[in-house]
Amino acid sequence: AVVSTQSTGRVEGMVKRWLPALDIVRTAFNDRHEVHSSGEIIKFKQGGCPWKEHLYQLEAAADCQGQVKYVLYSDSQGSWRVQAVGVQGEGFKSRKPLPEVWRGVRDEKLSDLTGIPECIFVHATGFIGGNKTEEGALEMARQALQM
């Protein structure tokens, strides 16, 4: 009974989250040049979802592995995140972490440092940052690409 409950939970997760996420990631991937001309930033319009494996597969199918550097999505509070895409199979290594000078800096100090209003934080390792607005998160990603 335990195995069957675990199996049922996995199947439900696949059907309710993982498979629908493929459509979300595919749409964001296909629209990436509208977000930034480089195609290195994608945005999930309806919030976060399980995206990493889908992104790796879509990049491989499009023969552009490693192109996407940052993913933007809203969080449960309505703020926005900019997350560095991990190197496939490399654990916590990011393709292009957020700039070192931003890491561990928060709130107004981060806004002053970046010149971007409404910053919330950048994690000490540079794998993720936050801004209160979608435009602010996008500007963080844009600047990070240039650094």
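Residues numbered from 1 in each chain as written. Predicted model: local features only at pLDDT ≥ 70, side-chain atom pairs only at ≥ 80, totals over all residues. Heavy atoms only, no water.

A. Up close: the overall build of the chain. The number of helices and strands found in the chain is five helices and five strands. Reading the helices (α) and strands (β) of the chain from amino to carboxyl end gives α-α-β-α-β-β-α-β-β-α. The long-range share in the chain, meaning contacts at least 24 apart out of those at least 6 apart in sequence, stands at 55%. Accessible area for the chain stands at about 8,300 Å²; split by element, carbon and sulfur atoms hold 52% of it. (Helix = DSSP H or I, 4+ residues; strand = E, 2+ residues; numbered from the N terminus. Contact = heavy atoms within 4.5 Å. Areas by Shrake-Rupley, 256 points an atom, 1.4 Å probe, with all protein chains shown as cover.)

B. Representation of the sheet that holds strand 5 (residues 128-131) within the structure. Reading across the sheet, the five strands line up as 1-2-3-5-4 and stay open at both edges, with mixed pairing between neighbours. Here the strands that pair on one side only, and so sit at the sheet edges, are strand 1 (41-44) and strand 4 (119-122). Between one strand axis and the next, the sheet turns by 20 degrees as a mean value, whatever way the strands run. Bridge count between strand 1 and strand 2 (residues 70-74): four bridges; the pairing is parallel. Its bridge partner being in strand 2, Phe 44 is matched across the sheet by Tyr 73. (Pairing = 2+ DSSP bridges. Axes fitted to C-alpha atoms, helices over the stretch in contact; angles between N-to-C directions.)

C. Broad picture of the packing of aromatic side chains. Within the structure shown, the criterion is met by one aromatic pair. Arg 32 extends its terminal NZ or CZ atom over the ring of Phe 29, reaching a point 3.9 Å from the ring centre. (Phe/Tyr/Trp six-rings, centres within 6.5 Å; stacked < 30°, edge-to-face > 60°. Lys NZ or Arg CZ within 6 Å of the ring centre and 35° of its normal.)

D. Representation of the nonpolar core within the structure. Ranked by internal contacts, the top residues of the largest apolar core, which has 20 residues, are Ile 41, Tyr 70, Leu 72 and Met 140. Looking at this core, the elements that each hand over two or more residues are strand 2, strand 3 (80-84), strand 4 and helix 5 (134-146). By residue number, the principal contributor to this core is helix 5, which donates six residues. The contacts of Leu 72, once residues within four sequence positions are left out, are Ile 41, Ile 42, Lys 43, Phe 44, Trp 80, Arg 81, Val 82, Ala 137, Leu 138 and Ala 141. Formed by 19 residues, the second largest nonpolar core is a distinct cluster that contains Trp 51, Cys 64, Val 85 and Ile 120. (Core = buried A, V, L, I, M, F, W, Y, C linked by side-chain atoms within 4.5 Å. Buried < 20%, exposed > 50% of the residue type's maximum accessible area, 1.4 Å probe, protein only.)

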